[in-house]
Amino acid sequence: MKFTCALLLTALVLFLVSPAELSAAELHFSLAGDPQTFDALKVSDQRSELIRYLTGGALVRINRVTDKPEPALAQSWKLSDGGRTITFRLRAGLRFSDGSPLTADDVARTFSAALDPKHEAPVGDTFRSQQGDPQVRVISPLEIAIHYPQPKPDIDRLFDSLSIVPATAAPLPASAGPFFVAEYKPGDFVRLARNPNYWKRDAAGKQLPYLDSIRIDIQPNREIELTRFLRGELHLINKLDPENFDRIIKDKPAAARDLGASLDSEILFFNQAPSPSVPVWKHQWFTSAIFRRAVSASIHRDDIARVVFRGHAHPAAGPVSSSNRFWFDAGLKSPPPDPQAAVRDLAKEGFTLRDNVLRDREGHPVEFSLLTTSGSRPREAMAAMVQDDLRKIGVHVNIVTLDSRSLIDRLSNTPKFEACLFGFANVSVDPVQEMNIWLSSRPQHPWWPSEKSPATPWEARVDKLELLQASEPSRAARKKAFDEFQRIVVEQAPILYLVNPDYLVGISTSLKGLQASTSPPQLLWNIDSLSLE
Amino acid sequence: MRLLNRLALHLATLVAVVLAGGFLAAALVRYSPGFDSIPEDLNTALSPETLQALHARYNRENSLPRFYVRYLGGALRGDFGVSQSFGQPVALLLRQRAPATGRLVIWGTLGGWTLAALLAWTAVWLRRSVLTAAAASVSGLLLAIPPAVLALAFFFYQAPLGLALSLGLLPRLFGTLRAILEECHASPALLAARARGIGPLRIGVCYVAGAAAPQLLALLGIAIVLAFGLAIPIETLCGVPGMGALTVQAATARDMPLLCALALMITFLVTFVHAAGDLAAGDERA
Amino acid sequence: MRIAAVIVLLAVLLAGLFAPAIAPYDYSRQFRDSPNAPASSQFPMGTDDLGRDRLSRLIYATRISVLLAPAAAFVSVMIALLLSAVTATRRLWVEHSFSALTTLSLSLPWIFLFIILRALLPLNTGAIPSILITFGLMGVAGWAWPGRVFTASIRQMKKSGWLLQARAAGVPPWRIARIWAWPRLRALAAAQFRILIPAYVLSEASLGLLGFGVAEPLPSWGNLLAELQHPARVRDNPWILAPLGLLMLVMIALEALQPSRDSRQLPGAAS
């Protein structure tokens, strides 16, 4: 009898305590695909970067709200030697999640490995300089100095992207951050567990993080992800498209958050490289700034923001989003659509509009193909709107959607395209991270990859201004140069900036401590302070 | 002896087709655009040197025959290489994913076959125009609905995905099953059996199943292959971590080791099923 | 039932052929002030996310899908019939080779062939050639499924009593094929033809993801049906189901047109 009562009581307790409460301290969200690696030094994709951020211990952490660097594994640092040397002092008693100690030797080893070409570490590019690699010196178990040949701008901020790794490699490595990778099932989920040796404590002296674990499901289908969020199975949902965001507004308004214009841009650019797949007369159009500006003037950016993004986007004024308050040139404005002015300007270049067909001076009808990625409805819709806008000035656009690999193949190396509608996802507010787009010799230079030398005086000027970004220690001087750069880009229009989409997210009301930002990782940058009700 | 000869012939065909299938699949991947590209090509934070190093890390084998011979050598030892998109051993990935797909395909095939057979039997045997029209309408309706969308609807209403696959398979089997059953229905042996008053169940088991066995077996083989084909979009759209979703991801990423393993597996499955159907059909020569 | 089926098919065919006369608006016209509008007197089926009239797009889409998907299905079935006819010879190696060929065809990732072909085609390939190439390729690549079914049926026929009798009586092979074999294969061919039509309608939409198929702003049933992947849209605007309803209607009509076996005289059935 007693045994039966105990059994019934136990069953009652278990029934009343729902599964959600049993794992109440586990944050649950999804990623669209698997991370490529858990090795912090080999990270080159956004998903792996997120895992790195959540698990990695860095010397410095940038507060994504104030945009100021804050001490992390390093309790302090000082700059000396005219900005060439940075000396870090580590906190005492640091340990990795497996209990092994973390000292200045581990920092030196990690930093050297990042710069060593043998390790092929993408993060090394952040720390390299044009004038030569930095030197590392371990002063004591808690002190380390890094010396550059020339001053490096904002050197302390760079260390936010370097996670200190343990000496022994493992498939699921130990970490010095708030979490470590505890379990991984490819195509299914990644589970991060709380690091019992994490250094940080809150104001009351309680060890962080508050969360016990994080479960990240691999879910490529965004509809399913959204459904699970609306059902309460996920705590947050990142980077929503406008249609799904409006669904959250309708079904769970308290959970919908529009963080304002993101750092990302939707762009259109033409192939200006000589290419056998582009006829000579088309090459002449694409290399004409007047032609590019006329195309830009014909596109209704406000319609794109209103229709495609349902009002959750801002017409772009230039290469920098208006949300990037410090670097954005406030003097720039998004160009209003003016197709008549576009046709007048084109007439100066010998184009004529007759019977709704625009022709160049040799009589070729103006027609080009517009490549874009398949599977993205906003991008396909934008392409359709651009096609419709340009039809009104007599330009015929053929939309071609390609899978991502085929698209990359056409854009990089030997470019085999005419025009491309694409997006820039900026991961940093600092424009020096985008230097490879603007330097004409770089393979990521969109309109002419790996140019042997700048084809025009303005491109040469852009090269100079970009190199200055990487070497000038004064922020004010960099800003001045960058403003000039932005004005050149708008005037010459090698890339037409269309809109800056808003950063749309869904956040469960049970998630506390979240301070959203438009800088990645937008919702999780202060993961150690998040808790669940 | 004749059986042994047929077995040997089928075995030789199996091996030849699997090897050819694997090679052709590898060739299609190797020469498709985007093979030499990596997603990091558009990563604006990376220097040219790092990009070069990343390309080298992906270790694209330029010589297709050399790659394939080496790959086959490893496959014979159970080593299918390392997936370039997942960074995991291919054999491990396949082992992890196979159960999800296996369950979906088996339940889907059994369900689809059974439902299609019942519907076809209803249409042929009962000879009521209303029932025939209803059966045709159900088949037409299910043919028109994309199976993946059907599965998505099932997912949202938390119904079993295997049933969605069955319903997707049903119309693809119904028409052919109906044609086979109609031919049997008009055959002299069946007419004689019906004239003798033998019941439909006994007729079905003793006369129809036996007479139409080769065609039914061939159709079963096709059903399994069709089910696997339907499983790919269902798994992809519904987020099932099975081999169908793996195939799509591998194709998108031009992941040669993974795609070769999948091609070898699929070719083996299809060839085996067809060979089994052919063997069961008996001696091909009249 | 047959008359109703013929009327339905004719109506769909005529709607497609005379789309410019029937559709209220051009399929590409964007009413940017009315995106995702519900059904109204101005837009009987509402508008899509770019403010384009759904009814007009459905009518224009019919032109492509109702003509080309059946044509592609016809090509697949004809290729399958012709190739499987070679297995009617008595040579074992011919049948084995054909079986191996169908197996290979069923196993290969044809998606890469499409990707390669897309890379070879100029980016400015016009809409009509691109659509014709798409459906043509689908027709050529899709022969293996029906080929397998036909081969099994032919194998069965080769063992049958009536064929043995006909051969013993000295009936020439072409006559056997025409009078005895073809009526049996015809039913199977009709079944495969009907199965392939919606498969090709939907496949065309998938090929759009690879740069083939019907590009914006041209509508097709395939790319209209792709919206079904977003159930919330369907809930907000049930007219999204209209292409599905139309496709269902066409499939049921085709099914209804299949001649019943009872009404046919099967030569040799009584032997």
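This text follows the structure it describes.
Residues numbered from 1 in each chain as written. Chains lettered and ligands numbered in written order. Predicted model: local features only at pLDDT ≥ 70, side-chain atom pairs only at ≥ 80, totals over all residues. Heavy atoms only, no water.

Visitor: Mind laying out the overall build of chain A, listing which residues take part and the relevant values?
Guide: Regarding its fold elements, chain A presents 17 helices and 22 strands. By the compact-globule yardstick of 24 Å for 533 residues, chain A fits well, its C-alpha radius of gyration being 26 Å. With the C-alpha coordinates aligned to their principal axes, the bounding extent of chain A is approximately 95 × 65 × 40 Å. Across the 533 residues that make up chain A, the buried fraction comes to 57%. (Helix = DSSP H or I, 4+ residues; strand = E, 2+ residues; numbered from the N terminus. Rg over C-alpha atoms; globule rule 2.2 N^0.38 Å. Buried < 20%, exposed > 50% of the residue type's maximum accessible area, 1.4 Å probe, protein only.)

Visitor: Can you break down the pairing of strand β19 (residues 419-424) of chain A residue by residue, with the values?
Guide: Residue and element names in this part refer to chain A. Taken across its six residues, β19 has six buried, putting it largely inside the fold. Burial along β19 is two-sided: the face carrying Ala419, Leu421 and Gly423 and the face carrying Cys420, Phe422 and Phe424 are both buried. Relative to β19, strand β17 (residues 367-373) runs parallel, the two being bridged by two bridges. Each bridged residue has a counterpart across the sheet, and for Leu371 the counterpart in β19 is Cys420. (Pairing = 2+ DSSP bridges.)

Visitor: Lay out the sheet that holds strand β5 (residues 85-90) of chain A with the relevant residues and their values.
Guide: Residue and element names in this part refer to chain A. The strand order across the open sheet formed by four strands is β4-β5-β7-β6, and the pairing between neighbours is antiparallel. At either end of the open sheet lies a strand with only one pairing partner, and these are β4 (74-80) and β6 (135-140). For this sheet, the mean inter-axis angle between neighbouring strands, taken without regard to orientation, is 20°. In this structure, β4 lies alongside β5, joined through six bridges in antiparallel fashion. Counted as the bridge partner of Ser80 is Thr85 from β5. (Axes fitted to C-alpha atoms, helices over the stretch in contact; angles between N-to-C directions.)

Visitor: Explain helix α11 (residues 243-253) of chain B to me, and be specific about the residues and the numbers.
Guide: All names here are of chain B. Of all 11 residues in α11, eight are buried; the element is thus mostly enclosed. Turning to α11, its buried residues number three or more, namely Met243, Gly244, Ala245, Leu246, Thr247, Ala250, Ala251 and Ala253. One or two residues past the end of α11 sits Arg254, with phi positive at roughly 55°.

Visitor: I'd like a description of the sheet that holds strand β8 (residues 179-185) of chain A, backed by residues and values.
Guide: Residue and element names in this part refer to chain A. Read from one edge to the other, the open sheet built from four strands follows the order β1-β10-β9-β8, with strand pairing classed as mixed. Pairing within the sheet leaves two strands with one partner each, and these edge strands are β1 (26-31) and β8. Pairs of neighbouring strands in the sheet enclose a mean axial angle of 20°, with direction left out of account. Examined bridge by bridge, β1 and strand β10 (residues 213-218) share six bridges and lie parallel to one another. Following the sheet pairing, Leu31 is matched in β10 by Ile218. In the packing of helix α3 (residues 46-55) onto the sheet, contacts are made with β1, β8, β9 (189-194) and β10, and the angle to β8 comes to roughly 140°. (Contact = heavy atoms within 4.5 Å.)

Visitor: Now, about empty space enclosed by the protein: what can you tell me, with residues and values included?
Guide: Residue and element names in this part refer to chain C. In the structure shown here, the tally under the stated rule is eight cavities of 30 Å³ or more. One number sums up the size of the largest cavity: a volume of about 100 Å³. Forming the boundary of the largest cavity are Met45, Asp48, Arg54, Arg57, Leu58, Leu224, Glu227, Trp239, Ile240, Ala242 and Pro243. Contributing elements (two or more residues each) for the lining of the largest cavity: α3 (54-85) and α12 (242-256). For the lining of the largest cavity, the leading source of residues is α3, giving three residues. A per-class count over the lining of the largest cavity returns seven nonpolar, no polar and four charged. (1 Å grid on protein atoms, 1.4 Å probe; cavity = no way out; pocket = protein on both sides within 12 Å on 5 of 7 lines; lining within 4 Å. Points joined across faces, edges and corners; volume = space filled by probe spheres on them. Nonpolar A, V, L, I, M, F, W, Y, C, P; charged D, E, K, R; others polar.)

Visitor: If you had to explain the interface of chain A and chain B to someone new, which residues and values would you point to?
Guide: As a measure of interface size, the accessible area lost when the parts come together is often cited. Contact residues are listed per partner, giving 32 residues for chain A and 41 residues for chain B. Summed over both sides, the interface of chain A with chain B buries roughly 3,300 Å², with 51% coming from carbon and sulfur. Counting the contacts that link chain A with chain B gives one salt bridge. A salt bridge links Asp403 of chain A to Arg254 of chain B; its shortest N-O distance comes to 3.0 Å. Linking chain A with chain B are 13 residue pairs in polar contact (both at pLDDT 80 or more). Elements that contribute at least two residues to the side of chain A that touches chain B include exactly α7 (222-230), α14 (404-411) and α15 (435-438) of chain A. Sorting elements by how many residues they give to the side of chain A that touches chain B places α14 of chain A first, with five residues. Grouping the constituent residues of the side of chain A that touches chain B by class yields eight nonpolar, 12 polar and 12 charged. (Buried area = accessible area lost by both parts, 1.4 Å probe. Salt bridge = Lys/Arg side-chain N within 4 Å of Asp/Glu carboxyl O. Polar contact = N/O pair within 3.5 Å; in protein donor to acceptor, adjacent residues only side chain to side chain.)

Visitor: Describe the pairing of β8 of chain A, with residues and values.
Guide: Residue and element names in this part refer to chain A. Bridge count for β8 against β9 is six bridges, and the pairing is antiparallel. If you follow Lys185 over to β9, its bridge partner there is Phe189. Here β8 hands over to β9 after three residues, with Gly187 in that stretch at a positive phi of 80°.

Visitor: If you had to explain the packing of helix α4 (residues 90-125) of chain B against helix α10 (residues 213-238) of chain B to someone new, which residues and values would you point to?
Guide: Residue and element names in this part refer to chain B. Running from amino to carboxyl end, α4 crosses α10 at an angle of 130°, the nearest separation of the two axes being 9 Å. In terms of axis orientation, α4 runs oblique to α10. In this structure, α4 crosses over α10, and the sense of that crossing is right-handed. On α10, the residues that touch Thr101, Leu104, Val105, Thr109 and Trp113 of α4 are Leu216, Leu219, Leu220, Ala223, Ile224, Ala227, Phe228, Ala231, Ile234 and Glu235. (Parallel < 35°, antiparallel > 145°, perpendicular 65-115°, else oblique. Left-handed = near helix turned anticlockwise from the far one by under 90°.)

Visitor: How would you explain the interface of chain B and chain C if you had to name every residue and give the values?
Guide: Counting residues at the interface gives 61 residues for chain B, matched by 53 residues for chain C. Our enumeration of links across chain B and chain C arrives at zero salt bridges. In this assembly, chain B and chain C are joined by zero residue pairs in polar contact (both at pLDDT 80 or more). Secondary structure elements with two or more residues in the side of chain B that touches chain C: α1 (2-30), α5 (129-144), α6 (147-156), α7 (161-185), α10 and α12 (256-281) of chain B. Top contributing element to the side of chain B that touches chain C by residue count: α1 of chain B, with 10 residues. Of the residues contributing to the side of chain B that touches chain C, the split by class is 38 nonpolar, 13 polar and 10 charged.

Visitor: Residues and numbers for the packing of helix α11 (residues 301-308) of chain A against helix α13 (residues 377-391) of chain A, please.
Guide: Residue and element names in this part refer to chain A. Where α11 contacts α13, the two axes come as close as 10 Å, and the packing angle between them is 140°. As α11 packs across α13, the resulting crossing turns out to be right-handed. Within the contact between the two elements, α11 uses Asp303, Ile304, Val307 and Val308 and α13 uses Pro378, Ala381, Met382, Met385 and Val386. Among the residues making up the contact of α11 with α13, the classes are represented as eight nonpolar, no polar and one charged.

Visitor: Go over the environment of Gly260 of chain A with me, naming the residues and quoting the values.
Guide: Residue and element names in this part refer to chain A. Within the secondary structure layout, Gly260 lies in strand β12 (residues 256-261). Each C-alpha atom, one on Gly260 and one on Pro501, is 8.2 Å from the other, the two residues being 241 residues apart in sequence. In contact with Gly260, not counting residues within four places along its chain, are Pro501, Asp502, Tyr503 and Thr518.

Visitor: Can you tell me about the pattern of salt bridges, naming the residues and giving the values?
Guide: Close approach of charged atoms lets side chains of opposite charge pair. Residue and element names in this part refer to chain A. What the rule picks out here adds up to 49 salt bridges over all chains. We note a salt bridge from Arg228 to Asp217, for which the minimum N-O separation is 3.0 Å. Taken together, the residues Arg228 in helix α7 and Asp217 in strand β10 connect sequence positions 11 residues apart. The exposure classification of Arg228 matches that of Asp217, with both residues buried.

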